[in-house]
Amino acid sequence: MPAHDVTITVLFNNTTRDPRLKAAHGLSCLIEGLSRTVLFDTGGDGVILLDNMAALGKDPKAVEVVVLSHAHWDHSGGLFAFLHRARPGVEAFIPRAVSSVFREHAALLGAKVTVVDGPVEIVKGLHSTGEMGGEHLAVDRREQALVFEGEAGAAVLTGCAHPDVLDIVRRASEIVPGAIDVVLGGFHLKDSETDVAERVIDGLKGLGVRRMGPSHCTGDKHTDAFRRAWGDGLVGFDAGTTFRLRMAA
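As the structure is a computational prediction, the values presented were derived from the model and not from experiment.

Parameters and conventions
Residues numbered from 1 in each chain as written. Predicted model: local features only at pLDDT ≥ 70, side-chain atom pairs only at ≥ 80, totals over all residues. Heavy atoms only, no water. Helix = DSSP H or I, 4+ residues; strand = E, 2+ residues; numbered from the N terminus. Rg over C-alpha atoms; globule rule 2.2 N^0.38 Å. Buried < 20%, exposed > 50% of the residue type's maximum accessible area, 1.4 Å probe, protein only. Contact = heavy atoms within 4.5 Å. Areas by Shrake-Rupley, 256 points an atom, 1.4 Å probe, with all protein chains shown as cover. Lys, Arg positive; Asp, Glu negative; His and termini not counted. Charge placed at Lys NZ, Arg CZ, Asp CG, Glu CD. Polar contact = N/O pair within 3.5 Å; in protein donor to acceptor, adjacent residues only side chain to side chain.

*Asks:* For this particular structure, what's the right way to read the overall build of the protein?
*Replies:* A count of helical and extended segments in the protein gives 7 helices and 13 strands. For 249 residues, the compact-globule formula gives about 18 Å, and the C-alpha radius of gyration of the protein, at 17 Å, lands near that figure. Principal axes of the C-alpha set define a box for the protein whose edges measure 45 × 40 × 40 Å. Sorting the 249 residues of the protein into buried and exposed places 55% on the buried side. Taking as baseline every contact in the protein between residues at least 6 positions apart, the subset at least 24 positions apart corresponds to 66%. As displayed, the protein has an accessible area near 10200 Å², and 49% of this comes from carbon and sulfur atoms. Side-chain charges of the protein comprise 26 positive and 32 negative groups, with the mean position of each set lying 4 Å from the other.

*Asks:* Would you mind going over the environment of His-70 with me for this structure?
*Replies:* Turning to its location among the elements, His-70 is positioned in the loop between strand 4 (65-67) and helix 2 (73-76). Measuring from C-alpha to C-alpha, the distance between His-70 and Ile-94 comes to 7.5 Å, with 24 residues separating the pair along the chain. Beyond its immediate sequence surroundings of up to four residues, His-70 is in contact with His-75, Ser-76, Pro-95, Val-98, Asp-140, Arg-142, Glu-143, Cys-160 and His-162. For His-70, the side chain forms a polar contact with the side chain of His-162, separated by 3.5 Å.

The structure is reproduced here in structure tokens:
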């Protein structure tokens, strides 16, 4: 496939600048332009998710694949309402740490569930890091992130980055070797001390990350620190934002 653009539209987030949308705690993104349309996370409220999709002209039945980052309700809580409106047989990639009861209910609502352990290619050019966190994290904090094969390098999309965004980016660089173009999503820093955020920023700078899109659970104070560190390389990621990514040929 020749180089082409993919769009990542933020459907659900803590903040929005679009008056048509409702902001609420959680994250959901729609990925269009790959061989299949992908929904990453479903926010914490299915009604808000579906209303925001309608406001943006996005059809739930166009989604062919759903990827859940982890078990927390602000990322998985909209799934069941979404499945009531989705096409039959939509494929759902769900980490093994998410309860079997949750996965079984998703299957009863028509999803074709794939349980994620290790890294896996979701569709051509888009990979899961595999479930990360292991025994040092509580089960509900074990998480997968997405890695795109971008023309300018890997692009990483996280839910909350509970396993540590630095470890996620390192895993991404193993899956898609070379430069790290951009890291988007929640970094779970909002309740962290300043020195923790500084460690993360220094680590990401050391890994050569060119652009950052901190969002959701990163926290306003720490987002300002990312803005100071990346300047024009900081990208917005509020609900309603569309981020364009040039994919590798």
